[in-house]
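# Observations on the three-dimensional arrangement
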Amino acid sequence: MKHSIQKTTRPESPLYGRGLGEASYFTLTELTASATAERLAIDNTPPRAARTMLTILVEQLLDPIRRRYGSPILVTSGYRCPALNSAVGGVPHSHHIVGCAADIVGGPRSTEANRHLFLLIVQMQREDRIRFTQLIAEQGYRWLHISYVPGMLRNQVIDVNTNDDVNVKNKPTSTLKMDYQDSG
Ligand SMILES: [Zn+2]
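Keep in mind the model is a prediction, meaning the values are calculated, not measured.

### Looking at the overall build of the protein chain
When helices and strands are tallied, the protein chain shows 5 helices and 6 strands. Written out in order from the N terminus, the α and β elements of the protein chain read α-α-α-β-α-β-α-β-β-β-β. A buried classification covers 38% of the 184 residues belonging to the protein chain. Residue pairs at least 24 apart in sequence account for 63% of intrachain contacts in the protein chain once pairs closer than 6 positions are excluded.

Here you go:
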C-alpha cells in the first residue's frame, strides 16, 4: 500500500499492540512504507519496541497535530531499520531507527503548507498542548522532521531556512544535531 493522505478505514493495518485503531489518522503501514526499502528489498518491519515508540509518536504528536491542522498530513518517512537508514543517508543515531521520528508534509503538498504546519506545531508547543524532542524545518520547507523520545522532551526547534535554533522552553546545554542531516 502506498502513502495515502486520505483518512480511510484500513482494518488491514492498525497500529497493533496499543489499540489506536480507528481513532488514529495514521497507520503502521504508512509509518514503515519506503520506496527505497522496496527497491532494495530491505525488510523494514519494525521490532516490537519500535512499534511501541511509533504508537507513542502518533498518540503524543501526530494525531494531535493532525486534528489541529485540519487537513491531511503525509508521513514521507517514519520507521527505518538500520539498513534502510543507511540507504537513505540518515545519520547513524537517527531517531527514525528507534521509531521515535517521522518526516511529514502538510496537505495540500506545498512548501507553503509545510511552513504553515511548522508554525502551527511551534504554536501548539507554546500553548503546552504538545511536547517533542526535536522539530526541524528542512531546507526549503520540503519536509518537517519531528521526534518524540520519552524522557528527552526538550522541545528543540530548528529552522534551517532561517538558521534559527530556537528552543521553545528548556534551552539545551549543548547543540544537538543528531538528526540535523536527516534525509529520506
Ligand atoms: Zn527525519
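### Observations regarding the environment of Ala87
Position of Ala87 relative to the elements: it lies in helix α4 (residues 82-87). Along the chain, Ala87 and Leu40 lie 47 residues apart, while their C-alpha atoms are 8.7 Å from each other. If we skip the residues at most four places from it in the chain, Ala87 touches Thr36, Leu40 and Ile42.

### Structural notes on helix α5 (residues 111-126)
Helix length check: α5, at 16 residues, gives a terminal C-alpha distance of 23 Å against a target of 22 Å (1.5 Å per residue), a fit within 8%. Residues Asn114, Leu117, Phe118 and Ile121 constitute the buried set of α5. For α5, the buried positions fall inside an angular range of 105° around the axis, keeping them on one side. In α5, those exposed residues whose orientation departs by more than 90 degrees from the buried face are Glu112, Leu119 and Arg126. Against α3 (48-69), β2 (101-106), β3 (134-137) and β4 (144-147) lie the buried residues of α5. Downstream of α5 by a residue or two, Asp128 has a phi angle that is positive, lying close to 65°.

### Observations concerning the confidence of the model for the protein chain
For the protein chain, per-residue confidence averages 84 on the pLDDT scale, and 77% of positions sit at 70 or higher. Residue range residues 1-19 is modelled with pLDDT below 50. Its contacts to residues more than four positions away, or to other chains, number 31 contacts. For the stretch residues 168-184, pLDDT sits under 50, and the model shows 40 contacts to residues farther than four places along the chain or on other chains.

### What to know about the nonpolar core
Core analysis: the largest hydrophobic core is formed by 34 residues, its most contacted members being Leu54, Leu57, Leu61, Ala102, Ile104, Leu144 and Ile146. Taken together, the elements giving at least two residues each to this core come down to α1 (28-32), α3, β1 (73-77), β2, α5, β3, β4 and β5 (156-159). In terms of residues, this core owes the most to one element, α3, which gives 8 residues. Discounting residues that sit within four places of it in the chain, Leu61 has contacts with Ile130, Phe132, Ile146 and Tyr148.

### Comments concerning the pairing of β3
Neither face of β3 is open: one carries Gln134 and Ile136, the other Leu135 and Ala137, and all of them are buried. With 4 bridges joining them, β3 and β4 adopt antiparallel strand pairing. The residue bridging Ile136 from the neighbouring strand is His145, located in β4. In this antiparallel pair of consecutive strands, β3 and β4, the connection spans 6 residues, and Gly140 shows a positive phi of 70°.

### Things to note about the pairing of β2
Of all 6 residues making up β2, 6 are buried, and the element is well covered by its neighbours. Pairing analysis gives 4 bridges linking β1 to β2, with the strands arranged antiparallel. For Ser77, the partnering residue across the bridge sits in β2 and is Asp103. Two strands pair when backbone bridges link them, and β2 and β4 are joined in this way by 4 bridges, in the antiparallel orientation. When the sheet's bridge partners are listed, Ala102 is paired in β4 with Ile146.

About the cut-offs
- Residues numbered from 1 in each chain as written.
- Predicted model: local features only at pLDDT ≥ 70, side-chain atom pairs only at ≥ 80, totals over all residues.
- Helix = DSSP H or I, 4+ residues; strand = E, 2+ residues; numbered from the N terminus.
- Buried ≥ 20, exposed ≤ 12 C-beta atoms within 10 Å, placed from the backbone.
- Contact = placed C-beta atoms within 7 Å.
- Expected span 1.5 Å × (residues − 1).
- Arc of directions from axis to C-beta.
- pLDDT = per-residue confidence, 0-100.
- Core = buried A, V, L, I, M, F, W, Y, C linked by C-beta atoms within 7 Å.
- Pairing = 2+ DSSP bridges.

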